[in-house]
Amino acid sequence: MEKADKITGTMAIREVLRMGDPRLLASSEPVTAFGTPELENLLLDMQDTMRHMQGAGLAAPQIGVGLRVIIFGVEQNPRYPDAELVPFTVLVNPQLTALGAEQDEAWEGCLSVPGMRGVVPRYRHLRYTGFDATGQSIDRTVRDFHARVVQHEVDHLDGILYPQRIRDMTQFGFSDALFPGQELPDE
């Protein structure tokens, strides 16, 4: 069941900015205070918005908040039938370290670039560090889809949208034209 706003009883679903909005191109500021009502409210809004949009992740800049905060997670979902499970994670002030040069190219989409897909290169194996909402350290080593999701979301914190990473623009287009008859997630 979705979380409801404590005061009004309504969902705290925020508008997701779309490609072209200059706020998506700005670098985000680090979070300096943990465990605050402001951070908690931001995270609740992000969770409600991501779940409502059936996304794999969401970065604070996508809802117009210029802070280094991302959330992500993929459970068993018919929109991601072949995806590995990725535990729901709140990651504040993330740092990524590629563990090797090996990259994989795969299709991506984005809630800020609705209806489109593109083939994007990403590191296959990486370590990410950062903090949870209360300031507790997070340090994980991940591969493949999990690594791809984290890289995609962290790009948003640096003002990068996935089309900027595409090497071959013939592998970028509208989902319904690229994959007729298939329902694909935006991400």
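Everything that follows concerns the structure shown earlier in this document.
What this report covers is the structure whose coordinates are included nearby. Predicted model only: the values in this text are computed from it and were never measured. Along each chain, the written sequence defines residue order, and numbers are assigned to residues from 1. Restriction of local features to residues with pLDDT of at least 70 applies here, the model being predicted, together with a cutoff of 80 or more for giving and counting side-chain atom pairs; totals for whole chains, interfaces and linings are based on all residues. The side-chain numbers reported here are obtained from all heavy atoms of the structure, hydrogens and water having been left aside.

Overview of the sheet that holds strand β4 (residues 103-110)
1) Next: At least two DSSP bridges between two strands are required for those strands to pair. The helix count covers DSSP runs of H or I at least four residues long, the strand count covers runs of E at least two residues long, and both are numbered beginning at the N terminus. Read across the open sheet, the 3 strands follow the order β4-β5-β8; overall the sheet is antiparallel. Unpaired on one side and paired on the other, β4 and β8 (172-174) mark the two borders of the sheet. If you compare each strand with its neighbour and ignore which way they point, the axes differ by 20 degrees on average.
2) Next: Pairing of strand β5 (residues 113-123) with β8 involves 3 bridges; the strand directions are antiparallel. Its bridge partner being in β8, G118 is matched across the sheet by F172. Lines fitted to C-alpha atoms define the axes here, with helix axes fitted over just the stretch in contact, and angles between the N-to-C directions of these axes take values from 0 to 180 degrees.

Comments concerning the pattern of salt bridges
1) Next: Any Lys or Arg side-chain nitrogen found within 4 Å of a carboxyl oxygen on Asp or Glu counts as a salt bridge. A complete count under the given rule lists 11 salt bridges for this structure.
2) Next: Between R124 and D144 there is a salt bridge, with its nearest N and O atoms 2.7 Å apart. One end of the pair, R124, is in the loop between β5 and β6 (125-131); the other, D144, is in helix α2 (residues 144-157), with 20 residues separating them in the sequence.
3) Next: Using a 1.4 Å probe on the protein chains alone, a residue whose accessible area is under 20% of its type maximum counts as buried, one over 50% counts as exposed, and one in between counts as partly exposed. For R124, a relative accessible area of 25% corresponds to the partly exposed category.
4) Next: In this structure, the salt-bridge partner of D155 is R165, at a minimum N-O distance of 2.8 Å. A residue pair is termed long-range when its members are at least 10 positions apart, and D155 in helix α2 and R165 in the loop between α2 and β8 qualify at 10 residues.
5) Next: Taking relative accessible area as the criterion, D155 reaches 7% and is therefore assigned buried.
6) Next: Beyond isolated ion pairs, a larger network of salt bridges with shared partners links E108, R122, R148, D155 and R165.

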